[in-house]
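The chain contents come next:
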Amino acid sequence: MTTISTSPTSSSKHLGVAAVPDLSERLAAVRGGITDAARAASRDPAELTLIVVTKFHPVSLIRELAQLGVREMGESRHQEAQAKAAELSGLGLRWHFIGQLQSKKARAVRAYADVIHSVDRAALVTALADPTATAEPIDCFLQVNLTDDPSRGGVAPAGLSALVEKVAGAPSLKLLGVMAIAPLGEEPRRAFARLRNASDRLISIVPGATAISAGMSHDYADAIAEGATHLRIGSAITGNRPVAG
Ligand SMILES: *Cc1c(COP(=O)(O)O)cnc(C)c1O
């Protein structure tokens, strides 16, 4: 039997225009890639959390993702994230703050974020702490700087243990694990191996904090091979980001 599809994708193929995969196809492709990478590493795909990074994209795209079953959203700019979380508060989404965080914005981010991935200095721990100790502890990751450039986000590996102790002493923060971005110009897998090392050191201080937030559009398979549990994937799913406004 011959089926004639009327979808825009196939009709554009007939016209000789390159078919552009839509959001659901890209999401399915990345989910498939995650499953493949997990199997290759003898890991259970069910232990991996996919966070779709929606920074710079409009709320309409986040609504589409929600309709496709995505619940974990990643954002990196405070004002944008705050506005999106407020507008979409009825959708039951979970907001991951993944960008560099100024201490003076810390309490405001805490108010809408479910998880903060970028805790990287003692002053930020102090700023995030709830002085009244009445709020639910907020989940957080310690960001580790895998480059030699101190201006990059993240604590230097040598400073990790002290920062872990600081967070462990803050009852309003719940430490989940480590987070990092692979440096440019280095084989990502080697960098993620260093992150795994940092994770082992963190676990020796806080045994329950076993999570590893790592892996973006171009390196998530390497991150999974080195133990990542939380993947932050943007453009491979959303398409290219609109230019910063
Ligand atoms: C933008 C961003 C991502 C996603 O990057 P893609 O290459 O689009 O997948 C992940 N993590 C952080 C910290 C980001 O800022």
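As shown above, the structure is provided for reference.
Figured I'd write up the structure that's included with this text.

How each quantity is defined
Residues numbered from 1 in each chain as written. Predicted model: local features only at pLDDT ≥ 70, side-chain atom pairs only at ≥ 80, totals over all residues. Heavy atoms only, no water. Helix = DSSP H or I, 4+ residues; strand = E, 2+ residues; numbered from the N terminus. Rg over C-alpha atoms; globule rule 2.2 N^0.38 Å. Buried < 20%, exposed > 50% of the residue type's maximum accessible area, 1.4 Å probe, protein only. Contact = heavy atoms within 4.5 Å. Lys, Arg positive; Asp, Glu negative; His and termini not counted. Charge placed at Lys NZ, Arg CZ, Asp CG, Glu CD. Salt bridge = Lys/Arg side-chain N within 4 Å of Asp/Glu carboxyl O. Near = heavy atom within 4 Å. Polar contact = N/O pair within 3.5 Å; in protein donor to acceptor, adjacent residues only side chain to side chain. Areas by Shrake-Rupley, 256 points an atom, 1.4 Å probe, with all protein chains shown as cover. Nonpolar A, V, L, I, M, F, W, Y, C, P; charged D, E, K, R; others polar.

This part is about the overall build of the protein chain. A tally of helices and strands in the protein chain yields 10 helices and eight strands. Whereas a compact globule of 245 residues would reach a radius of gyration of roughly 18 Å, the protein chain reaches 19 Å, a difference of no more than 12%. In terms of principal-axis extent, the alpha carbons of the protein chain reach across some 65 × 40 × 30 Å. Residue burial in the protein chain is summarised as follows: out of 245 residues, 47% are buried. Taking the contacts inside the protein chain whose residues are at least 6 apart along the sequence as the reference set, 56% of them involve residues at least 24 apart. One way to put it: in the protein chain the 26 positive side-chain charges average out to a point 3 Å from where the 24 negative ones average out.

All right, on to the pattern of salt bridges then. Oppositely charged side chains are able to pair whenever their charged atoms sit close together. Overall, the coordinates contain 12 salt bridges when judged by the stated rule. Among the ionic pairs, E87 bridges to R63, the shortest N-O distance being 3.9 Å. Within this pair, whereas E87 is found in helix α4 (residues 78–87), its partner R63 is found in helix α3 (residues 59–67), the two being separated by 24 residues in sequence. Judged by relative accessible area, which is 49%, E87 ranks as partly exposed. Salt-bridge contacts for E75 lead to K84; the nearest nitrogen and oxygen are separated by 2.9 Å. Considered together, E75 and K84 belong to a single accessibility category, that of buried residues.

Close to the ligand lie V53, K55, I98, M179, I181, M216, S217, R232, I233, G234, S235 and R241, which account for all nearby residues. Here an oxygen atom of the ligand and a side-chain polar atom of K55 are 2.6 Å apart. With respect to the ligand, the side chain of R232 contributes an N or O atom lying 2.9 Å from a nitrogen atom. For the ligand, the accessible surface in isolation is 390 Å², of which the surrounding protein chains cover 90%. Taken together, the residues of the shell around the ligand sort by class into six nonpolar, three polar and three charged.

That's the geometry; what it means functionally is another story.
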